[in-house]
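Residues per chain, in single letters:
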Amino acid sequence: MATVLIYAEHKEGKVKKVTHELISEANRAGAESVVFVAGQGLDAVNKELGEMGAKRVIAAQGDAVKFYSNEAYGKLFVDAVKSTNPSVILIPATAQGKDLAPRIAALLGVGLASDCTKIQIDGEKLKATRPIYAGKAVADVEFVGPKPYMATVRPNALSVGAASPGASAAVTALSLDTGALKSTVKDVVRGATAKLDVTEANIVVSGGRAMKNSENFAILEKLSEVLPNSAVGASRAAVDAGYRPHSYQVGQTGKVVSPTLYIACGISGAIQHLAGMRTSKIIVAINKDPEAPIFQVADYGIVGDLFEVVPLLTEEFKKALG
Amino acid sequence: MAISSLVFLAVVLGATGLFAYKASILFRLAKATKGPVWSGNRMDRLAERVETFFTNVLFQKAVLKKKKAGLMHVAIFWGFMIITIETMELFAYELFPGFSLSFIGESAYATLRLIQELFTLLVLSGVGYAFYRRLVLRPEGLGKSTDAIIILSLTSGLMLALLAMRSFHILAEPNDNNAVMFASMWISGIWQSLGVTPEVASTMAAGFRWFHHLLVLGFMVYIPSSKHLHVLTAAPNTFFRKLETPKGMRKVNLEAEDATSFGAGKISDLSWKDTLDLYACTECGRCQDACPAWNTQKPLSPKALVHDLKDSLYENKLALLSGKTDEVKPILGSKITDDVIWACTSCRACESACPVFIEQTDKIYEIRRNMVLMESRFPAELQTVFKNIENNFSPWAMSPDERDKWTEGLEVRTMAQIAASGEQVEYLFWVGCAGSFDDRSKKVSKALVSILKKSGIKFAILGKEEKCTGDPARRAGNEYLAQTLIQENVNVLNNYGVKKVVTACPHCFNALKNEWKDFGIELEVIHHTQLIAELIRSGKIKPTKAVDEKVTYHDSCYIGRWNNEYNAPRTILASVPQLKVNEIEQNKSNGMCCGAGGSRMWMEEHIGTRINVKRTEQLLEAKAGVVAANCPFCITMLTDGIKTKELTDKVRVMDVAEIVDQATV
Ligand SMILES: Cc1cc2nc3c(=O)[nH]c(=O)nc-3n(C[C@H](O)[C@H](O)[C@H](O)COP(=O)(O)OP(=O)(O)OC[C@H]3O[C@@H](n4cnc5c(N)ncnc54)[C@H](O)[C@@H]3O)c2cc1C
Ligand code: SF4
Ligand code: SF4
């Protein structure tokens, strides 16, 4: 049976959903799903991985790998590859996975299909589908050359299988011998927000210069509270004016998001902003200027004063969503 | 030979030996930097090189770009040249007692002495002003420098020693001809009134002569380790300068089989010309004063960069001289940091200000290449840009098949259609990514199309076949990605046999005009302001409609400082009825960058204050309702600046083409 090695991403003792998606995909293909996980205090994580359907877990556990580091995790992952000899490697196309996968591919000297939206494991073979030309077309790629075949897969692209409570995976501890490292992560300092990051949210409500001050962002916060899995973003103008910290900035030099729903409030739609949200599935624009370029990319446009429209929307959503 | 002559000879030989040793090390270090020279051959076009030597070294044209400091320098420079004749005469006198240049004829000799006397005073006043500048005025760019104080003290010591020597000599050997040395004569009067006898005066004259000798020799030995090294290196650096202003980025041979590294990671990766640049720096600070990054509190100062690179050269002296290049330490470190290198907007204000023709930008962009190609070390925002260029052939994630969407309803033909119909066009209109995808810039593209149609000129675009020039990647150090795009574009252009190109984007303009010849295509490239100026001149279009506006003009770096075009846009504006132009002080080659060049357009400006806001503030001084520009990125930057200043209702940014389109029928 072919072995599929999966990188598990977890945060605060919880395994991220995308890992479950990858495990399910490997199991659906009838392969042996082996999961690599690194970090500290992994018991809960290991248990969860077993319930997600992982057959085996290779755990690199200890203080030295408490925090994610591209260099250390990369080396350990390669060790896991050596001991499991997989034919396919799957890594989530998350910030962490995008950082890690190229390094592993380079260390192993193998090819990598990045940002895939579909994969097909067929025995020892791997076919992957990835969007190109800004999502206008998709390319099917097939691997040739030396194994293992590697792909990073976008979150929410694959479906998850049912969890099996009580199931457990065989856990093997991996030696933490990373050799000499050029850098180690001592501590991770989080920004003040504990809220959902704009890149992870399913719905983004963004405000622009028209918000006028940071207090006014409260009306967007209120809207966001009503909408499940949503976050508040901002244009650079709003960030520059100090209404929001830079980590909220959507656009060319901020975050690139592609949520299911993007609501742009008082944002003109400069190309630098569009660069960060154009690929959202549905775009709603609220702007009092009917000529604003944002309306050209919007699926729904509301010409009006956002200070009137947004509270109304919040009310309506509240009613509709109960 | 007299004992004193022998002693003098020994001192001269000793000092010369020491000087030669120090100079030879500098020479060997320059030879140990083996990287390729930017923009090629520096030994060709000898006549022009001799000419630049005359105008800029002997006649100090570049130095005089700054009035007061320039005049001060001219006084010291020419003073030194003239006085060196006397120094040589005195040296000869020491070796062959009694030697004098008086054999050139009495009146000629008297004239020479008069001139020398005058120049001694001139140097003294120059040095006096220099002291005043350093100690009292203290312009920021000059910084603090003990070295400079030592040099100035030595220089004034030399002049004072000469005056003292002459004055005692006059007293020791009275002669009617001495009257020409009026100042020395006056001083000798003082000695006389103090009762100094001719014998004592003779001893004093000899003493000051020796003092002068020793100062001269000491100066000579000091030079190679001081910023005054420029007295030896500025002249050759001017001679080997890049003769014309326009330039492109050096093409890296990525296929070279023996290449182990690309770009400049270590000082040994730079070229001999770069090293000569480092030696030639006078630390005058003009570049720093002009630098938009420095002026908005970024950690980049071109002056400091040159200085720090020189430090890196000296710190790696042993490794360089013994040929052990693998032991040479990386350039990036505590002084030259990543932020220094990424802060540059490639505006070339530094190069345009430098009196000794140092090319600061070449070094910065060669270092970026090394960071990106060898270490994948670049600001995070660039990752998206690289990916977009790679996947969508545009720095923005825009779909390539929408590239020509802006032409809907305009009847603009593509080269493919032209080729199919067997027709010919005069110009290819290179639209560029901004002109194709950015709503604001699309309006400029449309205005240009309208002008071209009014003029009856035949043109076509590439449409979907056009790709990003790769310039945003190239200036961000990603030579590999850039070359891929350039080559693909060049193949398309060659396929259609394109010869003449017009574009409204200065960055595309510079790339196509000055860089693509390295990739196998010779194009005649013209910026839209140049073409429009020509169309107006030849009467093909006539601005007859009044545009009742006060306008100020912002020079883009890539049309201005990179390509020396300051007139075309101004003649256009001047030809529009009723339009009034208010120039600001910081214009033409002294203009300030909008902040977008050098791929800064694609990076966040996290440090200091915003360049675009500072530039906007300068332009607002003109109290004009319209800021005219010629570049899509300048337009973005200045529009954003005006929004920040909350003046959107009062001031608009317009491309010159938009103004002309309004003024013509
Ligand atoms: C190097 C560089 C990088 C950049 N990166 C980014 C980036 O990452 N992200 C980004 O967003 N921008 C970026 N920009 C800035 C971009 O060019 C625009 O300036 C910016 O996006 C404008 O923000 P805005 O739409 O909020 O403001 P504006 O353009 O001022 O638009 C405000 C809009 O609000 C509307 N409005 C006003 N009042 C109301 C009201 N009461 N109700 C409804 N509508 C109202 C107005 O009609 C207008 O359309 C970058 C620029 C540069 C030069
Ligand atoms: S090119 Fe411009 S930004 Fe770069 S160092 Fe020179 S003056 Fe400064
Ligand atoms: S690089 Fe040129 S302008 Fe800058 S300090 Fe040196 S000599 Fe002056």
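Because the structure is predicted, anything quoted here is derived from the model rather than measured.

Engineer: Go over the packing of aromatic side chains with me, naming the residues and quoting the values.
Structural biologist: All names here are of chain B. Scanning all chains against the criterion turns up 23 aromatic pairs over all chains. Their ring planes at 75° and their centres at 6.2 Å tell us that W406 and F429 sit as a pair that is edge-to-face. Of the two residues, W406 sits in the loop between α16 (381-392) and α17 (415-421) while F429 sits in strand β1 (residues 427-430), which places them 23 residues apart along the sequence. Here the two residues W406 and F429 agree in accessibility, since each one is buried. Arranged with centres 4.6 Å apart and planes meeting at 10°, the rings of Y558 and W562 form a pair that is stacked. For W562, a relative accessible area of 4% gives the class buried.

Engineer: Kindly report on the sheet that holds β1 of chain B, identifying the contributing residues and their values.
Structural biologist: All names here are of chain B. Strand order in the open sheet formed by four strands is β2-β1-β3-β4, with parallel pairing between adjacent strands. If you trace the sheet from one side to the other, it starts and ends with β2 (459-460) and β4 (524-527), each paired once. Pairing of β1 with strand β3 (residues 500-503) involves three bridges; the strand directions are parallel. Within β3, the position partnered with F429 by the bridge is V502. Lying on the sheet, helix α22 (residues 506-514) is in contact with β1, β3 and β4; it crosses β4 at an angle near 160°.

Engineer: Lay out the domain arrangement of chain A in plain terms, naming residues and giving numbers.
Structural biologist: Under the domain assignment used here, chain A contains domain 1 (3-180) and domain 2 (203-321). Averaged C-alpha coordinates put domain 1 of chain A and domain 2 of chain A at centres separated by 34 Å.

Engineer: Requested: an account of the confidence of the model for chain A, with residues and values cited.
Structural biologist: The predicted model of chain A averages 91 in pLDDT, with 98% of residues at 70 or higher. Averaged pLDDT values over the elements of chain A bottom out at 88 in strand β10 (residues 137-142) of chain A and peak at 97 in strand β15 (residues 261-265) of chain A.

Engineer: Let's hear about the interface of chain B and chain A: which residues, and what values?
Structural biologist: How big an interface is tends to be reported as the loss of accessible area on association of its parts. Each partner contributes to the interface: chain B provides 27 residues, whereas chain A provides 19 residues. Together chain B and chain A conceal approximately 1900 Å² of surface at their shared face, both sides included; 48% is due to carbon and sulfur atoms. There are three salt bridges connecting chain B and chain A. Residue R278 of chain A is joined to E402 of chain B by a salt bridge in which the shortest nitrogen-to-oxygen separation is 3.8 Å. Scanning the region where chain B abuts chain A turns up seven residue pairs in polar contact (both at pLDDT 80 or more). Of all the secondary-structure elements, those providing two or more residues to the side of chain B that touches chain A are α16 and α26 (632-644) of chain B. Ranked by residues supplied to the side of chain B that touches chain A, first place goes to α16 of chain B with five residues. Looking at the side of chain B that touches chain A, its residues break down into nine nonpolar, seven polar and 11 charged.

Engineer: Give me the lowdown on the sheet that holds strand β9 (residues 125-132) of chain A, citing residues and values where you can.
Structural biologist: Strand pairing in a sheet takes place through backbone hydrogen bonds and is either antiparallel or parallel in direction. Residue and element names in this part refer to chain A. Read from one edge to the other, the open sheet built from three strands follows the order β8-β9-β10, with strand pairing classed as antiparallel. Each having just a single partner strand, β8 (118-122) and β10 make up the two edges of the open sheet. Strand-to-strand twist of the sheet, defined as the mean angle between neighbouring strand axes without regard to direction, takes the value 15°. As paired strands, β8 and β9 are joined by five bridges and run antiparallel to one another. Note on β9: the bridge partner recorded for I119 is A128.

Engineer: An account of the pattern of salt bridges is needed here, citing residue identities and associated values.
Structural biologist: All names here are of chain B. Under the defined criterion, the tally for this structure stands at 60 salt bridges over all chains. Residues E479 and R369 are paired through a salt bridge, measuring 2.9 Å at the closest nitrogen-oxygen approach. You can see E479 sitting in helix α21 (residues 479-495) and its partner R369 sitting in helix α15 (residues 360-375), a full 110 residues away along the chain. Each member of the pair, E479 as well as R369, carries the same accessibility label: buried.

Engineer: I'd like a description of the confidence of the model for chain B, backed by residues and values.
Structural biologist: Confidence along chain B averages 95 in pLDDT terms, with 100% of residues attaining 70 or more. Our summary of model confidence lists the complex with pTM equal to 0.84 and ipTM equal to 0.82.

Rules and cut-offs
- Residues numbered from 1 in each chain as written.
- Chains lettered and ligands numbered in written order.
- Predicted model: local features only at pLDDT ≥ 70, side-chain atom pairs only at ≥ 80, totals over all residues.
- Heavy atoms only, no water.
- Phe/Tyr/Trp six-rings, centres within 6.5 Å; stacked < 30°, edge-to-face > 60°.
- Helix = DSSP H or I, 4+ residues; strand = E, 2+ residues; numbered from the N terminus.
- Buried < 20%, exposed > 50% of the residue type's maximum accessible area, 1.4 Å probe, protein only.
- Pairing = 2+ DSSP bridges.
- Contact = heavy atoms within 4.5 Å.
- Axes fitted to C-alpha atoms, helices over the stretch in contact; angles between N-to-C directions.
- Domains from an automatic or database assignment.
- pLDDT = per-residue confidence, 0-100.
- Buried area = accessible area lost by both parts, 1.4 Å probe.
- Salt bridge = Lys/Arg side-chain N within 4 Å of Asp/Glu carboxyl O.
- Polar contact = N/O pair within 3.5 Å; in protein donor to acceptor, adjacent residues only side chain to side chain.
- Nonpolar A, V, L, I, M, F, W, Y, C, P; charged D, E, K, R; others polar.

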